[in-house]
Amino acid sequence: MSERSERPKGGVALGWAIADGWTITRRTLTHWRMQPGLMLFAWFFPVLMLLMFGGLLGGAMEFPEGESYYELLVPGIFALTMLFGLEGTMTAVTQDKDKGVTDRFRSLPMSSAAVVLGRCMADMLDTIVALAVLAGVGFALGWRWHDGLLSALAAFALLLLLRFALLWVGIYIGLSAKNAQSLTMVQVLVWPVGFLSSAFVATSTMPAWLGTIAQWSPLSATATASRTLFGNPDPSTTTTWIGSHSVLMAIIAPLLLTAIFLPLSAHRYRTLSR
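In this text, all values refer to a predicted model and were calculated from it rather than measured experimentally.

Cut-offs used in this document
Residues numbered from 1 in each chain as written. Predicted model: local features only at pLDDT ≥ 70, side-chain atom pairs only at ≥ 80, totals over all residues. Heavy atoms only, no water. Helix = DSSP H or I, 4+ residues; strand = E, 2+ residues; numbered from the N terminus. Contact = heavy atoms within 4.5 Å. Phe/Tyr/Trp six-rings, centres within 6.5 Å; stacked < 30°, edge-to-face > 60°. Buried < 20%, exposed > 50% of the residue type's maximum accessible area, 1.4 Å probe, protein only. Expected span 1.5 Å × (residues − 1). Core = buried A, V, L, I, M, F, W, Y, C linked by side-chain atoms within 4.5 Å. Salt bridge = Lys/Arg side-chain N within 4 Å of Asp/Glu carboxyl O. Patch = residues over 30% accessible without salt bridge, like charges linked within 9 Å, V, L, I, M, F, W, Y side chains within 5 Å. Areas by Shrake-Rupley, 256 points an atom, 1.4 Å probe, with all protein chains shown as cover.

Before going further, it helps to examine the environment of Ala130. Relative to the helices and strands, Ala130 is located in helix H5 (residues 114-140). Sequence separation between Ala130 and Leu160 is 30 residues, and the spatial gap between their C-alpha atoms is 11 Å. Once residues within four sequence positions are removed from consideration, Ala130 is found in contact with Trp43 and Thr81.

For any pair of aromatic rings, geometry is given as the distance between the ring centres together with the angle between the planes. Applying the stated criterion across every chain yields a total of 20 aromatic pairs. Between the aromatic rings of Phe139 and Trp145, the centroid separation amounts to 5.3 Å while the plane-to-plane angle is 90°, which identifies the pairing as edge-to-face. Judged by relative accessible area, Phe139 falls into the partly exposed class, the value being 30%.

Take helix H3 (residues 69-98) next. For H3, built from 30 residues, the straight-helix expectation of 44 Å at 1.5 Å per residue is met to within 8% by its first-to-last C-alpha distance of 44 Å. Where burial is concerned, most of H3 is hidden: 26 out of the 30 residues are buried. Gly100, located one to two residues past H3, shows a positive phi value of around 85°.

Okay, the nonpolar core next. Inside soluble globular proteins, nonpolar side chains tend to come together where they are buried. Counting residues in each nonpolar core, the largest one holds 59 residues, and the members touching the most others are Leu73, Ile77, Phe78, Leu80, Phe156 and Phe200. At the level of secondary structure, the elements contributing two or more residues to this core comprise helix H2 (36-57), H3, H5, helix H6 (149-176), helix H9 (218-230) and helix H12 (246-270). Per-element accounting of this core gives the leading share, 15 residues, to H3. Once residues lying within four places of it in the same chain are set aside, the contact partners of Ile77 are Pro46, Met49, Leu50, Leu134, Ala199 and Phe200. Grouped together as the second largest cluster of nonpolar side chains are five residues, Trp32, Met39, Trp43 and Ala122 included.

The next subject is the pattern of salt bridges. Under the defined criterion, the tally for this structure stands at five salt bridges. Asp96 is the partner of Arg27 in a salt bridge, and the nearest nitrogen-oxygen pair spans 3.2 Å. Of this pair, Arg27 sits in helix H1 (residues 11-34) while Asp96 sits in helix H3; the two residues are 69 residues apart in sequence, bridging distant segments of the chain. Of the charged contacts, one joins Asp123 and Arg119 as a salt bridge, the two residues approaching to 2.8 Å between their closest N and O atoms.

This part takes up a nonpolar patch on the surface. A surface patch of nonpolar side chains, amounting to about 280 Å² of accessible area, comprises Trp22, Leu125 and Ile128. Within the secondary structure layout, Leu125 lies in helix H5.

Structure, rendered in structure tokens:
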């Protein structure tokens, strides 16, 4: 029996899981290096969204003197980017499953958590780059954070927490989908879910019934919380309970999503061939 097939149990196994997960991560990073066009598109598509909606809606928005629509929009696009990353996760997981790559990994003497853990680490690294690119463009357009570096880092941490939670949603859907074509409907639904939020406008400007639905979206909670921590304007923070407690909700909602979909993903991965 090989050394890799005699891996210890318990806490030491966590080290093996991380090592195997990093191997899967490097595999994904290698694929990205071989397809730089896809990665550049993924990083700069949010920039296109920012420029497009800033130009389309910016002139119709009224803000106090010295403030611009980008102060509200940039944190919203940050949060929206966390959601749109779901599509790439779902597609990659489903493609690996359809091509038999996932089954091949499951047959190897490696940690059973390595495949999903490696996908998670790779996508989180991708998200950090996307946020850095978007923040740089935001700075060029005049967006700033106003409450200090620590508060800004807390805002970025909440954004990454949302992305981490949505990763498990994407992994579960990707493992559950019959094939890549069946993901089309889910991918289409990502867009209305994203727009039904405070990403582009404050929920306080919407009709009451629509604003109530939008403000309870985890995306809205993170967008509003990040604006609060960045020191950017958002009327929703003073007009609704969830707006005034946005930081708390931006922590609770992703943790709840993770608590639901991480175990579901692990179970789905273990029973994949059944």
